[in-house]
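Analysis of the macromolecular model
Listed below are the residues making up each chain.
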Amino acid sequence: KHRQLSEESHRQDSADLLVFILLLTLTILTIWLFKHRRFRFLHETGLAMIYGLLVGVVLRYAIHVPSDMNNITLSCNVNASPATLLVNVSGKFYEYTLKGEISGSEVNDIQDNEMLRKVTFDPEVFFNILLPPIIFHAGYSLKRRHFFRNLGSILAYAFVGTVVSCFIIGLLMYGCVMLMKQIGHLGGDFFFTDCLFFGSIVSATDPVTVLAIFNELQVDADLYALLFGESVLNDAVAVVLSSSIIAYQPEGDNTHTFEAMAMLKSFGIFLGVFSGSFALGVATGVVTFTKLRDFPLLETALFFLMSWSTFLLAEACGFTGVVAVLFCGMTQAHYTFNNLSPESQERTKQLFELLNFLAENFIFSYMGLTLFTFKNHVFNPIFIVGAFLAVFLGRAANIYPLSFLLNLGRKHKISPNFQHMMMFAGLRGAMTFALSIRDTATYARQMMFSTTLLVVFFTVWICGGGTTQMLSCQKIRVGVDTDQENFVSVFGLRSTKQESAWFFRIWYNFDHNYLKPLLTHSGPPLTATFPACCGPLARCLTSPQAYEVCNLHAHKYSNKCNILKYYNTLKYI
């Protein structure tokens, strides 16, 4: 009997996984058709959600796979819910694992559909398996030249803008909750901290649809950098911000009252977790040295494992893996990538691009599926309308005031049409979904999760689908040749160094003359940048490959001055 149950469970698990494989396969084939027909109205992520919705409808209403377990309910008084339970049945002990809490009315319906139960994943799967490749790819594929040219603005949007958006949304949603309470539409506890938590998770933007169209149409590189940089960093900020709000614990019986010390403690946690995660990610990226250039397969495997372990190490240390793996990807792209063999450079780029594509489409497919397979949805029309209004106003409070302040100090202003496009492109996606599904135990969290799904659907389908029309409406230039811009910027008209603030100009020089030669095989050898008195140390720290690169150009750049001139020419390409 036990063997028969195991075989049936194995077949059921295989069928569940097959559902998702078929979803991804169908999505890929439809994407190919859309690209072949140059159809840009619907991006692959929106398409994956539609297919997920259709499969969810079928699983919910058309297919019923009843569980063959006996419907036996025994009562015993315990003060807590144990994670595992040992049951003595006629002298034989069986171990059971906690699946979650169910209401009394659902006890008799637990057998209704076994497949619905099994296609519901543990939320930790999203955080530990699906999110790391998405976040790492964002950092690893970053166009660093345009990113650093707009770094001040990107940091302002990502940090100040996300915090402003969080509090604007939180305050508006608290007013909405108070209204629901007054008219009797609130079915459980919903505190101000819950509203702030909702504000933090929906402040995480994921304009993957817009950026894909930007890339295809070759939209202005600065607009792309502003939007992409903000979305990459504000995901990290939103994760740490939500953790800080959860950590808010005033003294006394009422844990939801305002207390200055508790707020300062949460702020300290925010700074500590973010800076610790940042340091861990950068440190791991810097020390990812591979001496396996003769074996590209082993080199790629080691690089991959070191990258993924950064996320898990940060989580194990109490930091945030999203922040750590993001900055690890950026650091490895800047330093470690130059040390890889040509085969490994190509393999790592393709590997993480593939993992990002599959993980992202899997998450969006699962979003569509959970609209019908998740059994604890709480849809409240007042809360939903308030959420859409709050998200819109929170995004506006992020973009327009900050753009005005940033333009006071920017040489190249952020034009009004760029601001309108950034406002329109504030889509919500994988990070918002992953944060909302991580905890659905309470009434408030269930309502947040259900509303978040609708916000993601609307922004991806409507805002993402209208990107091309919005570009035309705002008269934003397309067909910009980034490589030509790089050529122009290096050979005369402008440079990243000249357009950046003094702090970053100092950093560029220090990085180019000392860090890159020390950590990579690129850049001028340290013997050309260190003072003459440090010659022995410079020769010791300079790798043989750096000397080979130097000797390769020795016939054209024969002395120290000219070698530096050569590398400064290539510095920002």
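Residues numbered from 1 in each chain as written. Predicted model: local features only at pLDDT ≥ 70, side-chain atom pairs only at ≥ 80, totals over all residues. Heavy atoms only, no water.

1. What about the packing of aromatic side chains?
Following the criterion strictly, the structure yields 25 aromatic pairs and no others. Look at F20 and Y366: their rings are 6.1 Å apart centre to centre, the planes differ by 40°, and that puts the pair in the tilted class. Taken as a pair, F20 in helix α1 (residues 2-36) and Y366 in helix α13 (residues 342-373) lie far apart in primary sequence, 346 residues in all. In this pair, the class of F20 matches that of Y366, namely buried. Across the ring face of F197, the terminal group of R445 is positioned such that the distance to the ring centre comes to 4.0 Å. (Phe/Tyr/Trp six-rings, centres within 6.5 Å; stacked < 30°, edge-to-face > 60°. Helix = DSSP H or I, 4+ residues; strand = E, 2+ residues; numbered from the N terminus. Buried < 20%, exposed > 50% of the residue type's maximum accessible area, 1.4 Å probe, protein only. Lys NZ or Arg CZ within 6 Å of the ring centre and 35° of its normal.)

2. Here's the deal with the pattern of salt bridges
On inspection of all chains with the given rule, the structure shows four salt bridges. For the salt bridge of R477 with D220, the shortest nitrogen-to-oxygen distance reads 2.7 Å. Remark: D220 occurs in the loop between α8 (208-217) and α9 (221-246) and R477 occurs in the loop between α18 (467-474) and α19 (482-490); sequence separation between them is 257 residues. By relative accessible area, R477 is classed as partly exposed at 46%. The class of D220 is buried, set by a relative accessible area of 6%. For D439, the salt bridge goes to R445, with nearest N and O atoms at 3.0 Å. In this structure D439 comes out as partly exposed when scored by relative accessible area, which is 32%. (Salt bridge = Lys/Arg side-chain N within 4 Å of Asp/Glu carboxyl O.)

3. With respect to helix α11 (residues 296-316)
Its 21 residues give α11 an end-to-end C-alpha distance of 30 Å, which sits within 8% of 30 Å, the value for a rise of 1.5 Å per residue. Residue T310 marks the point of greatest curvature in α11, where the axis turns by about 25°. Among the residues making up α11, those that are buried are P296, E299, T300, F303, F304, S307, T310, F311 and A314. (Expected span 1.5 Å × (residues − 1). Bend = angle between axes of the 7 residues up to and from the residue.)

4. A look at a nonpolar patch on the surface
Residues V160, V164, I168, L172, L389, F392 and L393 make up a contiguous nonpolar surface patch of about 560 Å² in total accessible area. Residue assignment for the nonpolar patch shows that the elements contributing at least two residues are α6 (151-182) and α14 (381-407). At four residues, the largest contribution of residues to the nonpolar patch is made by α6. Here F392 shows up in helix α14. (Patch = residues over 30% accessible without salt bridge, like charges linked within 9 Å, V, L, I, M, F, W, Y side chains within 5 Å. Areas by Shrake-Rupley, 256 points an atom, 1.4 Å probe, with all protein chains shown as cover.)

5. Considering the side chain of T27
Structurally, the position occupied by T27 is in helix α1. Excluding its chain neighbours within four sequence positions, the residues that come into contact with T27 are E44, L47, A48, Y51 and N361. (Contact = heavy atoms within 4.5 Å.)

6. Some thoughts on the environment of F121
Structurally, the position occupied by F121 is in the loop between α3 (114-118) and α4 (123-140). A C-alpha to C-alpha distance of 9.2 Å links F121 and Y366, two positions 245 residues apart in sequence. Not counting residues up to four positions away in its chain, the partners in contact with F121 are F20, F126, F362 and Y366.

7. Some points on the environment of I476
Among the secondary structure elements, I476 is positioned in the loop between α18 and α19. With 58 residues separating them in the primary sequence, I476 and F418 have C-alpha atoms 7.6 Å apart. Beyond its immediate stretch of four places on either side in the chain, I476 contacts V219, L223, N417, F418, M421 and L471.

8. Describing unusual backbone geometry
The backbone of K475 sits at a positive phi, close to 55°, despite the residue not being glycine. Relative to the assigned elements, K475 resides in the loop between α18 and α19.

9. Considering the nonpolar core
In terms of nonpolar packing, the biggest core is built from 121 residues, with M173, F198, F214, M367 and F433 touching the most fellow members. When residues of this core are assigned to their parent elements, the largest contribution, 14 residues, is made by α9. Here F433 is in contact with F126, I363, Y366, M367, T370, F449 and L453, once residues within four sequence places are set aside. (Core = buried A, V, L, I, M, F, W, Y, C linked by side-chain atoms within 4.5 Å.)

10. Observations concerning the packing of α13 against helix α17 (residues 443-465)
As a packed pair, α13 and α17 sit with axes 11 Å apart at the nearest point and diverge in direction by 130°. By the angle class used here, α13 and α17 are oblique. When you trace α13 past α17, the crossing you get is left-handed. Contacts between α13 and α17 involve F364, M367, G368, T370 and L371 from the first element and F449, L453, V456, F457 and V460 from the second. (Axes fitted to C-alpha atoms, helices over the stretch in contact; angles between N-to-C directions. Parallel < 35°, antiparallel > 145°, perpendicular 65-115°, else oblique. Left-handed = near helix turned anticlockwise from the far one by under 90°.)

11. Things to note about the confidence of the model for the protein
Per-residue confidence for the protein averages 80 on the pLDDT scale, and 78% of its residues sit at or above 70. When the elements of the protein are averaged for pLDDT, α19 gives the smallest value, 46, and α14 the largest, 95. Predicted confidence for residues 563-567 stays below pLDDT 50, and this span has 14 contacts to residues more than four positions away or in other chains. Between residues 569-573, whose pLDDT stays under 50, and residues either more than four places distant or in other chains, the model counts ten contacts. (pLDDT = per-residue confidence, 0-100.)

12. Observations concerning the pairing of strand β1 (residues 84-89)
Side-chain direction in a regular strand flips from residue to residue, so the side chains alternate between the two faces of the sheet. Taken together, the six bridges between β1 and strand β2 (residues 92-97) define a ladder with antiparallel strand orientation. In the sheet register, N88 faces β2, and the bridge partner there is F93. The turn joining β1 and β2, which pair antiparallel and follow one another in sequence, is formed by two residues; a positive phi near 55° is taken by S90. (Pairing = 2+ DSSP bridges.)

13. What about the environment of F127?
Within the secondary structure, F127 is located in helix α4. Expressed as a C-alpha distance, the spacing of F127 and G321, which sit 194 residues apart in the sequence, is 8.7 Å.

14. Some thoughts on the packing of helix α7 (residues 192-201) against α17
Where α7 meets α17, the axes come as close as 11 Å, and the angle between the chain directions of the two elements is 25°. Relative to α17, the element α7 lies roughly parallel. Like other packed secondary-structure pairs, α7 and α17 cross with a definite hand, here right-handed. In this structure, α7 uses D194, F197, F198 and I201 to contact α17, whose residues at the interface are A444, R445, M448, T451 and T452. Of the residues in the contact of α7 with α17, the class split is five nonpolar, two polar and two charged. (Nonpolar A, V, L, I, M, F, W, Y, C, P; charged D, E, K, R; others polar.)

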